[in-house]
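Below, each chain spelled out in residue letters.
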Amino acid sequence: MLIKLDTVGDHFLAAELKILTAFQKNTPATKKGEKQQLISIDHWSDASLKEEFHNLKSSKNYKAAKDETISFTGATGEVVWVVGLGDKTKFHAEDIRKVIAKILKGTRSSKFATIGIDVPGFNTIKDEARTAQVIAESAYMTDYTFDKYKSKKSEPHEFTVFLAHTEKKNSLKIEKALTSTKNICESINVMKDFINEVPNVLHSEEYAKRVEADVKKNLKGVKIKILNKAQIQKEKMGMFLSVNAGSAYEPRLVHLSYEPARSTSKTKHIALVGKGITFDTGGYCIKPGTSMAGMKNDMGGSATVYGAFRAAVLEKAPVKITCIIALTDNAINELATVPDAVVTARNGKTVEILNTDAEGRLILGDALDYACDLNPHYIIDAATLTGACLVALGNQVCAILGNDQKWINEILSAAKEQDEYMWQLPIIDEWRHDIKSKVADLKNIGTPMRAGTAIGAAFLEEFIKNDVKWAHLDIAGVVDSQSHLPYCSPHGASGLIVRSLTHLLVHAK
Ligand code: BES
Ligand code: MG
Ligand code: ZN
């Protein structure tokens, strides 16, 4: 799929399919007390299409309710879809994403080569550039498929979406917005490919290679360092190594760094850290089969931070960014860590491992300590850390916790800006106390079935030092299966949270 900018009246007129919109318009009640409901198509620039529409029999009963669509053939043989958007005052940016995704999915069987979208018709947010950007965002995200392992691939169908706008003077601004959107969505597709890749192929060593290849090909100027097992041993990452102990593959710690062109000693430095468990069996505390399926997504945190890093670099973010992803599977062999084992973390704290399935916090704890040594001002980690997050916030909401309210607020407002659901949970002293061990400094679980997401975060907090402002995102719920969002595939990686993090990085001052 290609997305091109267009002005209303140009190619838009030549598109095989034209997408126009209609709104509900409530007029005052008549004398009889009946409330008349009319529709508004005042924003259509093409008078002849308006006339054709009014001549349609089906337009008489048309109410322009959300997703209510009428189709007719225009004068030059083009197909015209009039899509109802309901009440204009209740139609927001996220509604644009949803409706665009539904429309584009609806065009799949017809295989139009050119689709013209009337941008002003969707502009309920009073900003044509932003509207065009949101439309493009949804179109790119909807266009994603993962059919690598299907013998019968979905038939290739190349098509061009023309975004027709009216404000010619804004062309450059819109063009720029679309380029950004393409960078961000391409990064989302890259991270989705990583998540959707199967665990017998994407083990730690392979994953690191793929990240390296992508960096070398697409991220000019980014420095990359990949630590192998011997180097991770040298770093004394005892928790990380304990998770890898039962694996057939070596662990990898990928360390990426980006500096903006005009970087000074005052430039803000943000570190992103991601959980990259390429498959989580649970280890000796093995997961039951039904909970184990899907655990290839347990590297979703690493893919999310990589996706955001990638997009921010392409967008030339004004801050220094470090991205650290810790990669291993959590598997079992005769060398695998047993419950009751005590290991020493990179920061010197001893940790009693009471549940080998609470492995994410072990690899992240060491990665966070490593990140703090680089003296960033801020850290964000992302992880599919706890099943408890799904209990607390469902599949739809990402949890955020941390040690600095201002930093958390900044991330929350970036998420709000991008219409991604994020909600803060507290870390309280009682839960900090709950992870104290009888035999070691810490244990890797708290009271079973109690505040699991926050206990995970309280554990991670033990590895933050040098006054770094830190926030933890538990993406266990939102990483996949966003069937309620038509622009995400109902199965597999969602691509969510990359937009929020990219927004944060690109707009950081
Ligand atoms: N990867 C899981 C968390 C998870 C569960 C992610 C479901 C996505 C969907 C994590 O490693 C895990 O197993 N956590 C345990 C922690 C517990 C043992 C304290 C959990 O949530 O049960
Ligand atoms: Mg686990
Ligand atoms: Zn896990």
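How each quantity is defined
- Once a new chain begins, its residue numbering starts again from 1 and follows that chain's sequence as written.
- Note on labels: chains are lettered from A, ligands numbered from 1, in written order.
- Local features are withheld for residues below a pLDDT of 70 in this predicted model, meaning they are given only at 70 or higher, and side-chain atom pairs are given and counted only at 80 or more; totals for whole chains, interfaces and linings count all residues.
- Note that the side-chain values use all heavy atoms of the structure and ignore hydrogens as well as water.
- It suffices for a single heavy atom of a residue to lie within 4 Å of a molecule or strand for the residue to be listed as near it.
- Polar contacts here mean pairs of N or O atoms no more than 3.5 Å apart (in protein, one a potential hydrogen donor and the other a potential acceptor; neighbouring residues in sequence count only if both atoms are side-chain atoms).
- Accessible surface area values rest on a Shrake-Rupley calculation with a 1.4 Å probe, where residue burial reflects the displayed protein chains alone.
- Classification convention: Asp, Glu, Lys, Arg as charged; Ala, Val, Leu, Ile, Met, Phe, Trp, Tyr, Cys, Pro as nonpolar; all other residues, Gly among them, as polar.
- Helix and strand assignments follow DSSP, with helices taken as H or I runs no shorter than four residues and strands as E runs no shorter than two, numbered in order from the N terminus.
- Contacts between residues were defined by any pair of non-hydrogen atoms, one from each residue, lying within 4.5 Å.
- By this definition, two strands are paired if DSSP reports at least two bridges between them.
- A fitted line through C-alpha atoms serves as each axis, taken over the contacting stretch for helices, and the angle formed by two N-to-C directions is quoted from 0 to 180°.
- Put simply, buried Ala, Val, Leu, Ile, Met, Phe, Trp, Tyr and Cys residues joined by side-chain atoms within 4.5 Å make one nonpolar core.
- Buried residues are those whose accessible area, probed at 1.4 Å on protein chains only, stays under 20% of the maximum for their type, while exposed residues exceed 50% and partly exposed ones sit between those limits.
- Start and end points for every domain follow an automatic or database-based domain assignment.
- For Na, K and Ca the donor cutoff is 3.2 Å, while for all other metals N, O and S atoms must lie within 2.8 Å; water is not among the atoms, so some sites may look incomplete.
- Site shape is set this way: if four donors have all angles between 85 and 135 degrees, tetrahedral; if opposite donors are over 155 degrees apart and all others between 65 and 115, square planar for four donors and octahedral for six; otherwise irregular.
- Summed over both partners, buried area is the accessible surface (1.4 Å probe) that two parts give up on being assembled.
- Salt bridges are counted wherever a side-chain nitrogen of Lys or Arg sits within 4 Å of a carboxyl oxygen of Asp or Glu.

Moving on to the site of ligand 1. Looking at ligand 1, there are 16 residues lining it, with Lys287, Asp298, Asp357, Glu359 and Gly387 nearest. Taking Leu385, its main chain carries an N or O atom lying 3.5 Å from a nitrogen atom of ligand 1. Interatomic distance of 2.7 Å between a backbone N/O atom of Gly387 and an oxygen atom of ligand 1. Coverage of ligand 1 by the protein chains reaches 75% of its 510 Å² of free accessible surface. Of the residues that constitute the shell around ligand 1, the class distribution is five nonpolar, four polar and seven charged.

Attention now moves to the side chain of Arg310. Mapped onto the elements of the fold, Arg310 is located in helix α10 (residues 300–314). Only 3.1 Å separates the side chain of Arg310 from the side chain of Ser187, close enough to count as a polar contact. Residue contacts for Arg310: discarding those within four places in its chain leaves Glu186, Ser187, Val190, Asp214, Asn218 and Leu219.

Looking now at the sheet that holds strand β10 (residues 269–280). Across a sheet, paired strands are connected by hydrogen bonds in the backbone, their directions being either parallel or antiparallel. Strand order across the open sheet formed by eight strands is β8-β9-β11-β10-β14-β18-β15-β16, with mixed pairing between neighbours. Only two strands of the sheet have a single partner each, and these edge strands are β8 (223–227) and β16 (422–424). Averaged over all pairs of adjacent strands, the angle between their axes in this sheet comes to 20°, without regard to strand direction. Examined bridge by bridge, β10 and strand β11 (residues 320–330) share 10 bridges and lie parallel to one another. The residue bridging Val273 from the neighbouring strand is Ile324, located in β11. Relative to strand β18 (residues 469–474), helix α15 (residues 452–461) is tilted by about 145°, and along the sheet it contacts β14 (378–383), β15 (398–402) and β18.

Among the nonpolar cores identified, the biggest contains 96 residues, and Phe122, Leu163, Phe309 and Leu473 are the most heavily contacted of them. In terms of residue count, the dominant contributor to this core is helix α5 (residues 171–196) (nine residues). Residue contributions to this core reach at least three from each of two domains, namely domain 1 (2–180) and domain 2 (209–506). Sequence-distant contacts of Phe122, defined by excluding residues within four places in its chain, comprise Ile19, Thr21, Leu85, Ile96, Val99, Ile100, Ile103, Ile117, Thr131 and Ile135. Met239, Leu368, Ala457 and Trp470 belong to the second largest nonpolar core, which has 48 residues in total.

A word on the environment of Lys66. Locating Lys66 in the fold gives a position in the loop between α2 (47–55) and β4 (69–73). The partly exposed category is assigned to Lys66, whose relative accessible area is 46%. Sequence-distant contacts of Lys66, defined by excluding residues within four places in its chain, comprise Gly84, Leu85, Gly86, Phe91 and Asp95. One polar contact links Lys66 to Asp95, side chain to side chain, over a distance of 3.1 Å.

When you line up the elements, Ala22 lands in strand β2 (residues 17–29). On the basis of relative accessibility, which here comes to 0%, the residue Ala22 falls in the buried class. Each C-alpha atom of the pair Ala22 and Val468 lies 50 Å from the other, and the pair is 446 residues apart in sequence.

Here the focus is the coordination of the magnesium ion (ligand 2). The protein atoms that coordinate the magnesium ion (ligand 2) are Asp280 (OD), Asp357 (O), Asp357 (OD) and Glu359 (OE), at distances spanning 2.0 to 2.2 Å. Along the chain, the residues that donate to the magnesium ion (ligand 2) are spaced as D-x76-D-x1-E. Here the magnesium ion (ligand 2) and the zinc ion (ligand 3) are spaced 3.2 Å apart, and both take Asp280 as a donor. In this pair, Asp280 sits in strand β10 while Glu359 sits in the loop between β13 (350–353) and α11 (360–372), placing the two residues 79 residues apart along the sequence. For the pair Asp280 and Glu359, one class covers both residues: buried.

The coordination sphere of the zinc ion (ligand 3), as far as protein atoms go, consists of Lys275 (NZ), Asp280 (OD), Asp298 (OD) and Glu359 (OE), spread over 2.0 to 2.4 Å. If you look at the zinc ion (ligand 3), its six donor atoms make angles of 77 to 173° with each other, and the shape they trace is octahedral. In the primary structure, the donors to the zinc ion (ligand 3) are separated according to the pattern K-x4-D-x17-D-x60-E. The buried category is assigned to Asp280, whose relative accessible area is 3%.

Next up on the list: the domain arrangement of the protein chain. Per the domain assignment, the segments of the protein chain are domain 1 (2–180) and domain 2 (209–506). Placing a centre on the C-alpha atoms of domain 1 and another on those of domain 2 gives a separation of 39 Å. Contacts between the two partners involve 16 residues from domain 1, matched on the other side by 13 residues from domain 2. Between domain 1 and domain 2, the buried area comes to about 1,100 Å², and carbon and sulfur atoms account for 50% of it. For the domain 1 face of the interface with domain 2, the top three residues by lost area are Glu94, Arg97 and Met141, together amounting to 39%. At the surface where domain 1 touches domain 2, the tally comes to two salt bridges. As a salt-bridge pair, Asp419 and Arg97 come within 2.8 Å of each other at their nearest N and O atoms. Where the side of domain 1 that touches domain 2 is concerned, the elements lending two or more residues are α3 (93–106), α4 (128–142) and α5.

When you tally the buried positions in β10, you get 12 out of 12 residues, the bulk of the element. Relative to β14, β10 runs parallel, the two being bridged by five bridges. For Gly274, the partnering residue across the bridge sits in β14 and is Ala382.

Taken in spatial order, the three strands make up an open sheet running β12-β13-β17, and their pairing is mixed. What marks the edges here is a single partner per strand, and that holds for β12 (341–344) and β17 (442–443). Note: β12 against β13, four bridges, orientation antiparallel. What sits directly across from Thr344, in β13, is Thr350.

A few words on the side chain of Arg252. Inspection of the secondary structure puts Arg252 in strand β9 (residues 252–258). You can call Arg252 buried: its relative accessible area is 16%. A polar atom in the side chain of Arg252 sits 2.9 Å from the side chain of Glu250.

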